[in-house]
Amino acid sequence: MTGELKLDSQRRLARIAGQVAGIQRMVDHDRTCGDIMQQIVAVRAALDHLGVTFLSEHLQTCVLHQGVSEDEGCCVDLPADRRTEEIRATLKRFLK
């Protein structure tokens with residue numbers, strides 16, 4: 001994971017944590033179901049976006065081994081016959 005990806009992810013996670021805390025406050029203050037659901041949708045969208053970011057990073061660096069040097073401590077370069085299997089397994093995990 002690059003330093004830029006890590007920093008961006010940390011910022012997104014902090015924002016998501018704030019949104020979840022906001023939902024808790026909304027429940028505590030008896031806000032309308034519609035308002036709460038709107039915030040839940042926003043949190044889900046933020047998590048989905050973060051998930052796609054990590055999915056893309058994993059596919060690019062660990063499966064396709066693009067833009068990675070051996071000394072970066074990343075995933076090992078997969079043989080071509082294992083790449084399709086890894087892509088399927090990764091997508092299955094992500095889409096649960």
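Everything that follows concerns the structure shown earlier in this document.
The text that follows walks through the structure, step by step, so that each part is easy to find.

Conventions and cut-offs
- Residues numbered from 1 in each chain as written.
- Predicted model: local features only at pLDDT ≥ 70, side-chain atom pairs only at ≥ 80, totals over all residues.
- Heavy atoms only, no water.
- Helix = DSSP H or I, 4+ residues; strand = E, 2+ residues; numbered from the N terminus.
- Expected span 1.5 Å × (residues − 1).
- Buried < 20%, exposed > 50% of the residue type's maximum accessible area, 1.4 Å probe, protein only.
- Contact = heavy atoms within 4.5 Å.
- Lys, Arg positive; Asp, Glu negative; His and termini not counted.
- Salt bridge = Lys/Arg side-chain N within 4 Å of Asp/Glu carboxyl O.
- Axes fitted to C-alpha atoms, helices over the stretch in contact; angles between N-to-C directions.
- Parallel < 35°, antiparallel > 145°, perpendicular 65-115°, else oblique.
- Left-handed = near helix turned anticlockwise from the far one by under 90°.
- Nonpolar A, V, L, I, M, F, W, Y, C, P; charged D, E, K, R; others polar.
- Core = buried A, V, L, I, M, F, W, Y, C linked by side-chain atoms within 4.5 Å.

The next thing to look at is helix 2 (residues 33-63). The end-to-end C-alpha distance of helix 2 is 42 Å, a good match for the 45 Å that 31 residues give at a rise of 1.5 Å each. Among the residues of helix 2, those classed as buried are I36, V43, L50, G51, L55, E57, T61, C62 and V63. Contact partners of the buried residues in helix 2: helix 1 (3-28) and helix 3 (80-94). Count one or two residues on from helix 2 and you reach H65, which has phi positive near 55 degrees.

Mapped onto the elements of the fold, E86 is located in helix 3. No salt bridge is formed by the buried E86; the nearest opposite charge belongs to R93, separated by 4.0 Å. If we ignore the near neighbours within four places in the chain, the residues touching E86 are H58, V63, L78 and R93.

Turning next to the packing of helix 1 against helix 2. Each pair of packed helices can be described by the angle between their axes along with the distance between the axes. At a closest axis distance of 10 Å, the pairing of helix 1 and helix 2 adopts a crossing angle of 160 degrees. Classified by the interaxial angle, the pair formed by helix 1 and helix 2 is roughly antiparallel. Here the hand of the crossing between helix 1 and helix 2 comes out left-handed. For the contact of helix 1 with helix 2, the per-class residue count stands at 15 nonpolar, five polar and three charged.

Core analysis: the largest hydrophobic core is formed by six residues, namely I16, I23, M26, I36, V43 and L50. If you list the elements that add at least two residues to this core, you get helix 1 and helix 2. Excluding residues within four positions of it along the chain, I16 makes contact with V43, A46, L47 and L50.

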